[in-house]
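Summary of the model geometry
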Amino acid sequence: MKKILDLISEEVEKAFAEAGYDADLGRVTLSNRPDLCEYQCNGAMAGAKKYHKAPLTIAQDVAAKLGGSSVLSEVSAAAPGFLNMKVKESFVGQYLRDMAASEKFGLEMPEKPMKVIIDYGGPNIAKPLHVGHLRPAIIGESVKRIYRYAGHDIIGDIHMGDWGLPMGLIITELRKRQPDLIYFDDSYEGEYPADAPFTISELEEIYPTASARSKEDEAYKADAMEATYKLQSGVRGYRALWKHIMDVSVADLKKNYNDLDVEFDLWKGESDVHEIIPDMVDRMKKDGFAYESDGAWVVDVKEETDTKEMPPCMILKSDGAALYNTTDLATIEDRMKTYHPDRLIYVTDKRQDLYFEQIFRCARKTKLVNEDTELIHIGFGTMNGKDGKPFKTREGGVMRLENLIAEINEEMLRKIRDNAETKGYAVDDAEAEATAKVVGLAAIKYGDLSNQASKDYIFDMDRFTSFEGDTGPYILYTIVRIKSILGKYEEQGGKLTDIVIGEAQNESEKALMLELAKANAQLEAACEEIAPHRICAYIYDIANAFNRFYHETKILTEEDDAVRSGWIALLSLTVKLLEQCIDLLGFSAPDRM
Ligand code: ARG
């Protein structure tokens, strides 16, 4: 479906042409003086030079041609040459009826859908998720959903840190504690036990212990490196133990991401490309891209136009070991071969900006990707505490994600109970707790996504959980309010099918309609700009427009049936759009709150 701005522009472009001017001058934008008009066109000013005429004259000529328009109701030329316009109620009504009848609110599907892989999450095996994992999960999930909705074929890959020294450290510590485990018996040839010899909590204790010990104890570190080597070269018992580490850890990760309503299509990790690394590195050497530097192997990625320092991309350390870079490059190779993507998107902390710039250049230079493969890094800012410093626990440690979520849910529960008390209705505990979880997730996700991803933001529990202002709970509150009106309408015997949106009866209704009419343009922009925050801003505008209309209008007691059912149809469209948008942000609404 065409965008409303395009339809209005077409009308004005036609008038420019009829008045003898270049049609292109007729491009219309939203008004930046909403007190005067709804839309404006600045084309007369742009045309003044070409036509040697006062802009006001041009604007007046065009306005005269728009007198009989079926789209525009008020057109006036204002000094120095603006065209100020309002649209007809009948036009907006029809636009919304068309929108309600189309798929996806009139969002046009791409002629050629893109194949995209999005790499987000990036948790490390055997380490608990902490607040640092929140942003990639939230942003990545939303971007994935937006792309999918916009008609692209997108695959989300978690890309776990599941290989290398951390695994060797865990195995070493296990060996110290339980040397008799069958996995360490080189002569054993039988099957290994199906159950892991540790639980997730043990694993989460083992890793930091091992990591700390290796920093103090050289011999221990050497053991860990040896264990890493044995694991990577395929020693059976070590592989079996690693498999247990993976299973236990992945089960826990799945639970945690599930609580966040984050779902990955692929659970691949660094280990998956282990075997293709040697060939890739050999090729980079053979093709002359990689050269030796202080014992390590590097690829130059500097470009002439660089203004900042651009260090070479290291692909092998001086001890011959692969590193973070190597696995990312090999993963690119693997993704290209397996999925043939047009675009690869990475969602990580913006402190990795330079790193990804190096990786992308190296991948291009060494032809791991095609010339037209797009490589995009979405570097996000830091989540800070109220003190403006990276978010910490009260004790100053790194906060586990579970604890952060629990805190938010607790606060939400308190607010939900308060709210029920003030309003004088009863909520049972189970329902209140379930609602608190749903609303708590919205509070966290909206609090994050409403900021442009690259910016730092302050995690403000009070503000995020508030039912008022630019918050997730406010959006949900609006949705719940609309659902309750629709429910009451049905209780009164009204039907939600076979009702149609009519013409706006008042200014606030029209404002809501014009807000809704932007849906396809807004959704398209959010996808093109990879910008979930645009969806947040949009639904905040819708919620405000709806609430204004709601406060100024007695909907359910309206006596004119056609008007009342038209309003109900408008509310249904509003709530459908809001619910779709929050789904794109990665959360949902409760039935009541
Ligand atoms: N596991 C990494 C870490 O904890 C993040 C991975 C990000 N993704 C990537 N393709 N490099 O820092």
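Preceding this paragraph is the structure being described.
All of the points below concern the structure found in this document. Please read all numbers here as calculations on a predicted model, not as lab measurements. (Residues numbered from 1 in each chain as written. Predicted model: local features only at pLDDT ≥ 70, side-chain atom pairs only at ≥ 80, totals over all residues. Heavy atoms only, no water.)

1. Topic: the overall build of the chain
Short version of the rule: A helix here means a DSSP run of H or I that spans at least four residues, while a strand means a run of E at least two residues long, and both kinds are numbered starting from the N terminus. Between buried and exposed lies partly exposed: a residue is buried under 20% and exposed over 50% of the maximum accessible area for its type, with that area taken using a 1.4 Å probe on protein chains only. When checking whether two residues touch, look at their non-hydrogen atoms; a contact exists if any pair is within 4.5 Å. All accessible-area figures derive from a Shrake-Rupley calculation using a 1.4 Å probe, and residue coverage is judged against the displayed protein chains alone. This count recognises Lys and Arg as positive and Asp and Glu as negative, with His and chain-terminal groups excluded. The atoms used to mark charge sites are NZ of Lys, CZ of Arg, CG of Asp and CD of Glu.
Scanning the chain from N- to C-terminus turns up 20 helices and 13 strands. Projected onto the principal axes, the alpha-carbon positions of the chain cover approximately 90 × 65 × 45 Å. Counting the 593 residues in the chain, one finds 51% classified as buried. Within the chain, contacts between residues separated by at least 24 positions form 73% of all contacts whose residues are at least 6 apart in sequence. Counting every atom, the chain has about 27700 Å² of accessible surface; 49% of that belongs to carbon and sulfur. Across the chain, the centroid of the 73 positively charged side chains sits 2 Å from that of the 103 negatively charged ones.

2. Quick look at the sheet that holds strand 9 (residues 313-316)
The strands making up a sheet associate through backbone hydrogen bonding, with each pair oriented either parallel or antiparallel. Inclusion rule: Strands pair, by our definition, only if DSSP identifies at least two bridges between them. Fitted lines through C-alpha atoms give the axes, limited to the stretch in contact for helices. The angle between two N-to-C directions lies from 0 to 180 degrees.
The strand order across the open sheet formed by three strands is 7-8-9, and the pairing between neighbours is antiparallel. In the strand order of this sheet, the two ends are held by strand 7 (290-293) and strand 9, each with one partner. Each strand axis lies, on average, 45° off the axis of its neighbour in the sheet, ignoring direction. Of the strand pairs in this sheet, strand 8 (residues 296-299) and strand 9 are connected by three bridges, and their pairing is antiparallel. Bridging across to strand 9, Val299 finds its partner in Cys313.

3. Comments concerning the pattern of salt bridges
For the record, the criterion: When a carboxyl oxygen of Asp or Glu lies within 4 Å of a side-chain nitrogen of Lys or Arg, that pair is called a salt bridge.
Overall, the coordinates contain 48 salt bridges when judged by the stated rule. Put simply, Asp583 and Arg145 hold a salt bridge, and the shortest N to O gap is 3.3 Å. Of the two residues, Asp583 is situated in helix 20 (residues 561-585) and Arg145 in helix 5 (residues 134-149); the sequence distance between them amounts to 438 residues. With a shortest N-O distance of 3.5 Å, Asp418 and Arg414 are connected by a salt bridge. A residue pair is termed a helical-turn pair when its members lie 3 or 4 positions apart in one helix, as Asp418 and Arg414 do in helix 13 (residues 401-423) at four residues.

4. Overview of a positive patch on the surface
Heads up, the condition is: In this scheme, patches are assembled from residues that exceed 30% relative accessible area and form no salt bridge. Like charges are connected within 9 Å, while nonpolar side chains (Val, Leu, Ile, Met, Phe, Trp, Tyr) are connected within 5 Å.
Residues Lys127, Lys215, Lys221 and Lys317 make up a contiguous surface patch of positive charge. Assignment of secondary structure puts Lys215 in helix 7 (residues 200-216).

5. Details of the pairing of strand 4 (residues 82-87)
The pairing of strand 2 (residues 39-41) with strand 4 spans three bridges and is antiparallel. Pairing of Gln40 across the sheet is with Asn84, part of strand 4. Relative to strand 4, strand 3 (residues 72-78) runs antiparallel, the two sharing six bridges. Bridge pairing links Glu74 to Lys86 in strand 4. Hairpin connection from strand 3 to strand 4: three residues lie between these consecutive antiparallel strands.

6. Observations regarding the sheet that holds strand 4
Taken in spatial order, the four strands make up an open sheet running 1-2-4-3, and their pairing is antiparallel. The open sheet has two edge strands with one neighbour each: strand 1 (28-30) and strand 3. On average, adjacent strands in this sheet sit at an angle of 30° to one another, irrespective of strand direction. In this structure, strand 1 lies alongside strand 2, joined through three bridges in antiparallel fashion. Within strand 2, the position partnered with Val28 by the bridge is Cys41. Across the sheet, helix 3 (residues 55-65) lies against strand 3 and strand 4, angled at about 160° from strand 3, the strand it touches most.

7. Some thoughts on the site of the ligand
To keep it simple, the criterion reads: Any residue with a non-hydrogen atom lying within 4 Å of a molecule or strand is treated as near it. Whenever a nitrogen or oxygen atom comes within 3.5 Å of another N or O atom, the pair is scored as a polar contact, on the condition that within protein one atom can donate a hydrogen and the other can accept it, and that pairs from neighbouring residues in sequence are kept only if both atoms are in side chains.
In the vicinity of the ligand, the contacting residues are Asp119, Gly122, Asn124, His159, Tyr324, Asp328, Tyr346, Thr348 and Phe356. Here a nitrogen atom of the ligand sits 3.0 Å away from a polar atom, N or O, in the side chain of Asp119. Contact distances for the ligand include 2.8 Å between a nitrogen atom and a side-chain N or O atom of Asp328. For the shell around the ligand, the secondary-structure elements that each account for two or more residues are helix 11 (324-339) and strand 10 (343-349).

8. So, the environment of His274
Structurally, His274 is set in the loop between helix 9 (236-259) and helix 10 (277-286). Distance from His274 to Trp163, taken between C-alpha atoms, is 8.5 Å for residues 111 residues apart in sequence. Beyond its immediate chain neighbours, meaning those up to four positions away, His274 contacts Trp163, Gln232 and Arg239.

9. Some thoughts on helix 16 (residues 472-491)
Because the α-helix completes a turn every 3.6 residues, residues three or four places apart line up on one side. Selection rule: Under the convention used throughout, the expected extent of a helix is 1.5 Å for every residue step, that is, one less than its residue count.
The end-to-end C-alpha distance of helix 16, which contains 20 residues, comes to 29 Å, matching closely the 28 Å that a straight helix rising 1.5 Å per residue would cover. A distance of 3.0 Å separates the backbone nitrogen of Tyr474 from a side-chain oxygen at the start of helix 16, and that oxygen is part of Thr471. A positive backbone phi angle near 100° is found at Gly493, which sits one or two residues after helix 16.

10. Overview of the packing of helix 16 against helix 19 (residues 532-552)
Here is the rule we go by: Note on angle classes: values under 35 degrees are labelled roughly parallel, values over 145 roughly antiparallel, values of 65 to 115 roughly perpendicular, and the remainder oblique. Left-handed is the label given to a crossing in which the near helix is rotated counterclockwise from the far helix by less than a right angle, and right-handed is the label when the rotation is clockwise.
The geometry of helix 16 relative to helix 19 is characterised by a closest axis approach of 10 Å and an angle of 45° between their N-to-C directions. Compared by their axis directions, helix 16 and helix 19 come out oblique. For the crossing formed where helix 16 meets helix 19, the hand is left-handed. Residue-level contacts link Tyr474, Ile475, Thr478, Arg481, Ile482 and Ile485 of helix 16 to Ile539, Tyr540, Ala543, Asn544, Phe546, Asn547, Tyr550 and His551 of helix 19.

11. Points about empty space enclosed by the protein
Quick reminder of the rule: As defined here, a cavity is a set of points on a 1 Å grid over the protein atoms alone where a 1.4 Å probe fits but cannot get out. A pocket is an open set with protein on both sides within 12 Å along at least five of seven lines, and residues line them when an atom is within 4 Å of a point. Grid points are joined across faces, edges and corners, and a volume is the space filled by probe spheres set on the points. Amino acids outside the nonpolar list (Ala, Val, Leu, Ile, Met, Phe, Trp, Tyr, Cys, Pro) and the charged list (Asp, Glu, Lys, Arg) are all regarded as polar, and Gly is one of them.
Per the counting criterion, the structure on display carries three cavities of 30 Å³ or more. Within this model, the largest cavity holds a volume of roughly 60 Å³. Around the largest cavity, the lining residues are Ile416, Tyr425, Val427, Glu431, Ala432, Thr435, Arg592 and Met593. Residues that form the lining of the largest cavity fall into these classes: five nonpolar, one polar and two charged. Considering only enclosed or pocket space, the second largest cavity measures out at about 40 Å³ in volume. Every residue along the wall of the second largest cavity is listed here: Pro128, Leu129, Glu204, Asp252, Leu253, Asn256, Arg400 and Glu402.

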